[in-house]
Amino acid sequence: MSEHCPQDGGFIGDAGCTHPNHKHSELVKRIMSGEPKMISAADATAALTEGFYVKNPEGKQVGFGKKLLVHLDTHLEGDADARKTRLMFAVNTVTSPAKVEKDHKGFEGRTLYSKAFENFGMIAISEEGSDTIEHVFTIVPNRKGKR
């Protein structure tokens, strides 16, 4: 990350500008702070293309951006779209997880965030980008994790 954002001088990373006061589109603002609900796959694609960072409970920035979008698009179209429509639930899982597992499955620097919602569970797995930033690279809705 060496490029600076022309809007606020923050660094531009995989998930867009890292500056906490960066002005995002209305779509991304809604995804970052709204009550989690299903969204369209097209809206999720647009939001991930723009990119954004949220804070985990430790205050570390966790990015949702191009890395996640590229990974989701490697799945079959129906599976990719099903994951994308739950993007707001993945964001909520990272910002207020029920469980956090560091070094997930023995991979140093990987963190698993999980949370149960009404009809499904959600996991989001991130990788360290630096000491202060992680990047989500996959999200998985799981029917076994429902309440």
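1. Describing helix 1 (residues 26–33)
Move 1: By the burial criterion, the buried members of helix 1 are L27, V28 and I31. Buried residues along helix 1 cover an arc of 90° about the axis, so they all sit on one side. Seen from the open side of helix 1, the exposed residues pointing more than 90 degrees away from its buried face are E26 and S33.
Move 2: The secondary structure elements touched by the buried residues of helix 1 are helix 2 (41–50), strand 3 (52–55) and helix 5 (87–95).

2. A word on the sheet that holds strand 4 (residues 61–64)
Move 1: The six strands lie next to each other as 3-4-8-7-6-5, forming an open sheet whose pairing is mixed. Two strands lie at the open edges of the sheet, namely strand 3 and strand 5 (99–102), each paired on one side alone. Direction aside, the axes of adjacent strands within the sheet are offset by 30° on average.
Move 2: Relative to strand 8 (residues 133–142), strand 7 (residues 121–128) is paired through eight bridges, and the arrangement is antiparallel. Looking at the pairing, E127 lines up with H135 of strand 8.

3. A closer look at the layout of surface pockets
Move 1: Taken as a whole, the largest pocket spans an internal volume of roughly 150 Å³.
Move 2: Forming the walls of the largest pocket are C17, T18, H19, P20, H22, H24, M32, F52, Y53, V54, K55 and Q61.
Move 3: The element that contributes the greatest number of residues to the lining of the largest pocket is strand 3, accounting for four residues.
Move 4: Across the lining of the largest pocket, the residue classes break down as six nonpolar, five polar and one charged.

4. Some remarks on the packing of aromatic side chains
Move 1: Applying the stated criterion across every chain yields a total of four aromatic pairs.
Move 2: A centroid spacing of 5.4 Å and a plane angle of 10° characterise the contact between F52 and F64, whose relative ring orientation is stacked. You can see F52 sitting in strand 3 and its partner F64 sitting in strand 4, a full twelve residues away along the chain.
Move 3: The buried category is assigned to F52, whose relative accessible area is 0%.
Move 4: Each residue in the set F89, F117 and F120 is aromatic and connected to the rest through ring pairs, giving one cluster.
Move 5: Lying over the aromatic face of F120, R86 brings its terminal NZ or CZ to 4.9 Å of the ring centre.
Move 6: R110 extends its terminal NZ or CZ atom over the ring of F107, reaching a point 4.4 Å from the ring centre.

Reading guide: rules and limits
- Here the residue index of a chain counts from 1 through its sequence in written order.
- Note on the predicted model: pLDDT of at least 70 is required for a residue's local features to be given, and 80 or more for side-chain atom pairs to be given and counted; whole-chain, interface and lining totals, by contrast, use all residues.
- Working from all heavy atoms in the structure, the side-chain values ignore hydrogens and water.
- Type-normalised accessible area, obtained with a 1.4 Å probe on protein chains alone, sets the label of each residue: buried when under 20%, exposed when over 50%, and partly exposed for intermediate values.
- Comment: elements are numbered from the N terminus, with helices defined as DSSP H or I runs of at least four residues and strands as E runs of at least two.
- The arc refers to the directions leading from the helix axis to the C-beta atoms.
- It only takes one pair of heavy atoms within 4.5 Å for two residues to be counted as in contact.
- Here a strand pair is declared whenever DSSP counts at least two bridges between the two strands.
- Fitted lines through C-alpha atoms give the axes, limited to the stretch in contact for helices. The angle between two N-to-C directions lies from 0 to 180 degrees.
- Using protein atoms alone on a 1 Å grid, points that fit a 1.4 Å probe yet trap it form a cavity, whereas open point sets bounded by protein on both sides within 12 Å along at least five of seven lines form a pocket; residues with an atom within 4 Å of a point count as lining.
- Grid points are joined across faces, edges and corners, and a volume is the space filled by probe spheres set on the points.
- In this count, Pro and Cys sit with the nonpolar residues alongside Ala, Val, Leu, Ile, Met, Phe, Trp and Tyr, while Asp, Glu, Lys and Arg are called charged and the others, Gly among them, polar.
- By convention, a stacked pair of Phe, Tyr or Trp rings (six-membered ring in the case of Trp) has centres within 6.5 Å and planes under 30 degrees apart, an edge-to-face pair has planes over 60 apart, and any other such pair is tilted.
- Remark: a charge is flagged as sitting over a ring if the NZ atom of Lys or the CZ atom of Arg is within 6 Å of the ring centre and within 35 degrees of the ring normal.

Without other data, these values stay purely geometric and don't point to any function.
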